[in-house]
Amino acid sequence: MTKTLLVTGATSGFGRATVERFVSAGWRAIACGRRADRLAELVAALGPEKIHPCAFDVRDEAAMRAALEAIPAPFADLDLLVNNAGLALGTAPAQHADLAQWRQMIDTNVTALVTLTHALLPRLIERRGAIVNVSSVAATYPYLGGNVYGGTKAFVSQLSLGLRSDLHGTGVRVTTIEPGLAETEFTLVRTGGNREASDTLYAGTSPMTGADIAECIWWVANLPSHLNINRVELMPVSQSFAGFQVARTL
Ligand code: NDP
Ligand code: 8X3
C-alpha cells in the first residue's frame, strides 16, 4: 500500500531532499512551503500523482487550515509528518539582537510546528503514523548568537519527548532529528542573503547535505513499527565541540 508523508519546508534543503528520498521509494508526498514555484518544480519532476503542493506560510494559521482541508483524497491518509520548516535569523548576541527576528523564529519554529501537529494528530493516531521533528544540535549546545534559535530548537526536542509520553499506547512514533552543520539555504537565510558569508562558513568543511538528513529520516521512519528512535544527533566529522569561556575582566 502506498504511504503518504507531509513535509514542511519542502522547497529547499532537508525538506526537499526528504520529499525526493521518500517519493523515489514509492511514497506520496504533500510538499509544503511558501515558494509555490519551487513546489511546482517538484510536481514537474516527480509527478502530480506523487506530489501534492501546498503553498502557505506556516505562520498563517487560516492558510494552514485551508491547505489541510484542500488535501485531495489520494493524499488524505497520513502516515508521516515531518515538521521541518524553520529558520535562524541573525547571529547577534542577545543584547544586540533584533526582537522582530526573535519573534519570527518563535512563530515559525515553535508556534507553527505546534499548530500543525495539533491539527494532524487525529489523522496520525488513526493511521498509527509517525512524527519526525527537525530540531538541531543548537537545542543542546549553546553558542554565541544562538540564543533564541537554540531556545526554539530546545522546545522542539522537549516537545517531542512530551509527545512520546502523551501518545503512549496509540502506536504513533515520535523522533527528533538534531543535525549540526549542513549546507542548505539555512545560512543564506540567517545572514539575510549574504552568499559570501554562507560560502565561507561551509568552505573546506565537508558539511552534511540535505540528502544525508533525508537518509536519516528515511531510516527512522522505515524501521519495524515496534521501534521508536527517540533522538538522532548528527554532525559532519569536521564539526565538534568547543568549551566554556571565562571573562577575566570582571
Ligand atoms: P533551508 O533554508 O534550506 O530550508 C528551510 C525551509 O523552511 C524552506 O523550505 C522554507 O520554505 C521553509 N520555511 C521557512 N519559513 C517558512 C514559513 N514561514 N512558512 C513556510 N515554510 C517556511 O534550511 P534547512 O533545510 O537547513 O532547514 C530545515 C530545518 O532544519 C530548519 O528547521 C532548520 O532550523 C533545521 N536545521 C538546519 C541545519 C543546517 O545546518 N542547515 C542544522 C540543524 C537544523 P519557503 O522559504 O519556501 O517558505
Ligand atoms: C543549525 C545548526 O549549529 O548553525 O541548526 O545552529 S547551527
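Summarised in this report is the structure supplied together with it. (Residues numbered from 1 in each chain as written. Chains lettered and ligands numbered in written order. Predicted model: local features only at pLDDT ≥ 70, side-chain atom pairs only at ≥ 80, totals over all residues. Heavy atoms only, no water.)

Regarding the packing of aromatic side chains
Reasoning step 1: For the structure shown, the criterion picks out five aromatic pairs.
Reasoning step 2: Taking 6.4 Å as the distance between ring centres and 70 degrees as the angle between the ring planes, the aromatic pair formed by W27 and W218 counts as edge-to-face. Here the residue W27 occupies a position in the loop between α1 (13-24) and β2 (28-33), and W218 occupies one in helix α8 (residues 210-221), the gap between them amounting to 191 residues. W218 matches W27 in its accessibility class, with the two residues each being buried. (Phe/Tyr/Trp six-rings, centres within 6.5 Å; stacked < 30°, edge-to-face > 60°. Helix = DSSP H or I, 4+ residues; strand = E, 2+ residues; numbered from the N terminus. Buried < 20%, exposed > 50% of the residue type's maximum accessible area, 1.4 Å probe, protein only.)

Digging into the site of ligand 2
Reasoning step 1: The local shell around ligand 2 consists of S136, A138, Y143, Y149, F186 and R190.
Reasoning step 2: In this structure, S136 approaches ligand 2 through a side-chain N or O atom, which is 2.5 Å from an oxygen atom.
Reasoning step 3: With respect to ligand 2, the side chain of Y143 contributes an N or O atom lying 2.5 Å from an oxygen atom.
Reasoning step 4: Notes on ligand 2: free accessible area 240 Å², of which the protein chains cover 81%.
Reasoning step 5: Residues that form the shell around ligand 2 fall into these classes: four nonpolar, one polar and one charged. (Near = heavy atom within 4 Å. Polar contact = N/O pair within 3.5 Å; in protein donor to acceptor, adjacent residues only side chain to side chain. Areas by Shrake-Rupley, 256 points an atom, 1.4 Å probe, with all protein chains shown as cover. Nonpolar A, V, L, I, M, F, W, Y, C, P; charged D, E, K, R; others polar.)

Considering the environment of L223
Reasoning step 1: The topology assignment puts L223 in the loop between α8 and β7 (231-234).
Reasoning step 2: Put simply, L223 and W27 are 196 residues apart on the chain and 15 Å apart in space, counted from C-alpha to C-alpha.
Reasoning step 3: The residues contacting L223, other than those within four sequence positions of it, are R173 and I229. (Contact = heavy atoms within 4.5 Å.)

Regarding the packing of α1 against helix α2 (residues 36-46)
Relative orientation and spacing of two packed helices are given, respectively, by the angle between their axes and the distance between those axes.
Reasoning step 1: Direction vectors running N to C along α1 and α2 enclose 20 degrees, while the axes themselves pass 12 Å from each other. Comparing their axes, α2 and α1 come out roughly parallel. As α1 packs across α2, the resulting crossing turns out to be right-handed. Here α1 contributes R16, V19, E20 and V23 to the contact with α2, which in turn contributes R38, L42 and L46.
Reasoning step 2: Looking at side-chain class alone, the contact of α1 with α2 contains four nonpolar, no polar and three charged residues. (Axes fitted to C-alpha atoms, helices over the stretch in contact; angles between N-to-C directions. Parallel < 35°, antiparallel > 145°, perpendicular 65-115°, else oblique. Left-handed = near helix turned anticlockwise from the far one by under 90°.)

Here's the deal with the pairing of strand β1 (residues 4-7)
Reasoning step 1: Side chains of β1 alternate between two faces, with T4 and L6 and L5 and V7 buried alike.
Reasoning step 2: Taken together, the four bridges between β1 and β2 define a ladder with parallel strand orientation. Note that in β2 the partner of V7 across the bridge is A31.
Reasoning step 3: For β1 and strand β4 (residues 80-83), the ladder comprises three bridges, and the chain directions are parallel. Looking at the pairing, L5 lines up with L80 of β4. (Pairing = 2+ DSSP bridges.)

Things to note about the packing of α1 against α8
Reasoning step 1: Where α1 contacts α8, the axes come no closer than 8 Å and their chain directions differ by 55 degrees. Of the possible angle classes, the one that applies to α1 and α8 is oblique. Crossing of α1 against α8: the hand is right-handed. Only G210, A211, I213, A214, E215, I217, W218 and A221 of α8 make contact with α1, whose side of the interface consists of G13, F14, A17, T18, R21 and F22.

A short note on the pairing of strand β3 (residues 51-55)
Reasoning step 1: Bridge count between β2 and β3: five bridges; the pairing is parallel. The residue bridging A31 from the neighbouring strand is P53, located in β3.
Reasoning step 2: Chirality of the crossover, the property in question, places the unit of β2, α2 and β3 among those that are right-handed. (Right-handed = clockwise from strand over helix to strand, strands pointing away.)

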